[in-house]
Number of protein chains: 2
Amino acid sequence: MTTPQLPRTTSRINVIKALAHPSRLTIVEALQSGEQCVCDLRNLVGTDLSTVSKHLAILRSAGLLSMEKRGLKVFYRLSCPCFLDFLNCVDRMSSSTSSSPSCSTAG
Amino acid sequence: MTTPQLPRTTSRINVIKALAHPSRLTIVEALQSGEQCVCDLRNLVGTDLSTVSKHLAILRSAGLLSMEKRGLKVFYRLSCPCFLDFLNCVDRMSSSTSSSPSCSTAG
DNA sequence: AGAATACTTGGCAAAATCGCCAAGTAAAGA
DNA sequence: TCTTTACTTGGCGATTTTGCCAAGTATTCT
């Protein structure tokens, strides 16, 4: 990384990189409908428990998830309700990829 | 990638991964204020011209940028005007990282 | 046509990321 | 206390990404 970025760019990258992995995005999408424990998320993404745990740590350190231990289980939830907005924005951009020459801001 | 993702997740990842690099995000941020040629973007990010060119190819293949050659120069611009919305969403999420326990959708 | 400018592409080494296994921690139950 | 369950962390090989150099392409100028 030779680019000297602005502070705002750096914090944006922190969030975007955390979401830039299929398993992690899948986790985040699943948590939109409510909290889940790690073993459920493990079944969802289908990789080793330790791998899931590390993905969760990355999302957590990016500030996107919060965790709570209840009994033996650890539950994760989105720490930010504006995720839906975010994904809508991504969808508008990705839809412009496939066919249409541009996308609208009006979603 | 052992995770079998939904099609929607896959296209989302395509966009998010394209933005998950400091130089590429810096480029995209700069293009918000209008088109620029590759050599200007090269000065902006400060890496080799070939490196910038490859970053631009990644952003282009993700459908985020469009290019137009005029004379010797190649001008790049955002192909989607909803970028500002996207970055605002990212900012709301990244702001929840640092101090406050959660962020608001009304941001 | 030959030279210069503005890029793009190929190739490769360095760096970062990913995913598994093994080992460690914490809470609950026998 | 010992075992089990649910997870986290360390470590390491395998894959992916990154960035430079060298070479190639396209357009303009002389």
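Structure: see above.
Everything numeric here is computed off the predicted structure, so don't read it as measured data.

> How would you summarise the overall build of chain A if you had to cite specific residues and measurements?
Looking only at helices and strands, chain A has five helices and three strands in total. If you list the helices and strands of chain A from N to C, you get α-α-β-α-α-β-β-α. Split by element, the accessible area of chain A, about 5,200 Å² in all, is 54% carbon and sulfur.

> Can you tell me about the protein's contact with DNA strand C, naming the residues and giving the values?
Around DNA strand C lies a shell of 25 residues, among which Ser50 and His55 of chain A together with Val38, Ser53 and Lys54 of chain B are the nearest. Atoms of DNA strand C within 4 Å of the protein: sugar and phosphate make up 57%, bases the balance. In the environment of DNA strand C, a phosphate oxygen lies 2.9 Å from a nitrogen or oxygen atom belonging to the side chain of lysine 17 of chain A. One nitrogen or oxygen atom from the side chain of arginine 24 of chain A is found 3.3 Å from a phosphate oxygen belonging to DNA strand C. At the level of elements, α4 (49–61) of chain A together with α3 (38–45), α4 (49–61) and β3 (73–78) of chain B are the ones that each hand at least two residues to the surface near DNA strand C. A class-by-class count of the residues in the surface near DNA strand C yields ten nonpolar, eight polar and seven charged.

> Describe the environment of glutamate 68 of chain A, and please don't skip the residues or the numbers.
Residue and element names in this part refer to chain A. Summarising the element assignment, glutamate 68 is placed in strand β2 (residues 65–70). We classify glutamate 68 as partly exposed; its relative accessible area is 32%. Considered as a pair, glutamate 68 and glutamate 35 are 33 residues apart in the sequence and their alpha carbons are 9.7 Å apart. Not counting residues up to four positions away in its chain, the partners in contact with glutamate 68 are Lys73, Val74, Phe75 and Arg77. Reaching out from glutamate 68, the side chain makes a polar contact with the side chain of arginine 70 at a distance of 3.3 Å.

> Go over the protein's contact with DNA strand D, please, and point to the residues and values.
Of all residues adjacent to DNA strand D, which total 25 residues, the nearest are Ser53, Lys54 and Tyr76 of chain A together with Ser50 and His55 of chain B. Backbone sugar and phosphate groups make up 60% of those atoms of DNA strand D lying within 4 Å of the protein. At 3.0 Å, a side-chain N or O of lysine 17 of chain B approaches a phosphate oxygen of DNA strand D. Secondary structure elements with two or more residues in the surface near DNA strand D: α3 (38–45), α4 and β3 (73–78) of chain A together with α4 of chain B.

> An account of the packing of aromatic side chains is needed here, citing residue identities and associated values.
Counting across every chain of the model gives three aromatic pairs over all chains. Summarising the aromatic geometry, the rings of phenylalanine 83 of chain A and phenylalanine 86 of chain A are spaced 6.1 Å apart at their centres and angled 90° between planes, so their arrangement reads as edge-to-face. Taken as a pair, phenylalanine 83 of chain A and phenylalanine 86 of chain A lie in helix α5 (residues 83–98) at a separation of three residues, close to a single helical turn. Judged by relative accessible area, which is 1%, phenylalanine 83 of chain A ranks as buried. You can call phenylalanine 86 of chain A buried: its relative accessible area is 0%. Aromatic rings pair up to connect Phe83 and Phe86 of chain A together with Phe83 and Phe86 of chain B into one cluster. Above the plane of the ring of phenylalanine 75 of chain B lies arginine 70 of chain B, whose end atom (NZ or CZ) is 4.1 Å from the centre.

> Which residues make up the pairing of strand β2 (residues 65–70) of chain B, and what values do they have?
Residues and elements named next belong to chain B. As defined by bridge partners, β2 adjoins β3 across six bridges and the pair is classed as antiparallel. Bridge pairing in β3 links lysine 69 to valine 74. As consecutive antiparallel partners, β2 and β3 are separated by two residues, and within that stretch glycine 71 has a phi angle of approximately 70°, a positive value.

> Outline the side chain of serine 79 of chain A, supporting the account with residue identities and numerical values.
Residue and element names in this part refer to chain A. Tracing the backbone shows serine 79 in the loop between β3 and α5. Among the residues examined, serine 79 registers a relative accessible area of 10% and is labelled buried. A polar contact of 2.6 Å, which involves the side chain of serine 79, links it to the backbone oxygen of glycine 63.

> Can you lay out helix α1 (residues 7–19) of chain A for me, pointing to particular residues and giving the numbers?
With 13 residues, α1 of chain A should reach 18 Å at 1.5 Å per residue; the first-to-last C-alpha distance of 19 Å fits that figure. For α1 of chain A, the complete set of buried residues consists of Thr9, Arg12, Ile13, Val15, Ile16, Ala18 and Leu19 of chain A.

Thresholds applied
- Residues numbered from 1 in each chain as written.
- Chains lettered and ligands numbered in written order.
- Predicted model: local features only at pLDDT ≥ 70, side-chain atom pairs only at ≥ 80, totals over all residues.
- Heavy atoms only, no water.
- Helix = DSSP H or I, 4+ residues; strand = E, 2+ residues; numbered from the N terminus.
- Areas by Shrake-Rupley, 256 points an atom, 1.4 Å probe, with all protein chains shown as cover.
- Near = heavy atom within 4 Å.
- Polar contact = N/O pair within 3.5 Å; in protein donor to acceptor, adjacent residues only side chain to side chain.
- Nonpolar A, V, L, I, M, F, W, Y, C, P; charged D, E, K, R; others polar.
- Buried < 20%, exposed > 50% of the residue type's maximum accessible area, 1.4 Å probe, protein only.
- Contact = heavy atoms within 4.5 Å.
- Phe/Tyr/Trp six-rings, centres within 6.5 Å; stacked < 30°, edge-to-face > 60°.
- Lys NZ or Arg CZ within 6 Å of the ring centre and 35° of its normal.
- Pairing = 2+ DSSP bridges.
- Expected span 1.5 Å × (residues − 1).

Geometric descriptors of this kind do not, in isolation, establish any biological role.
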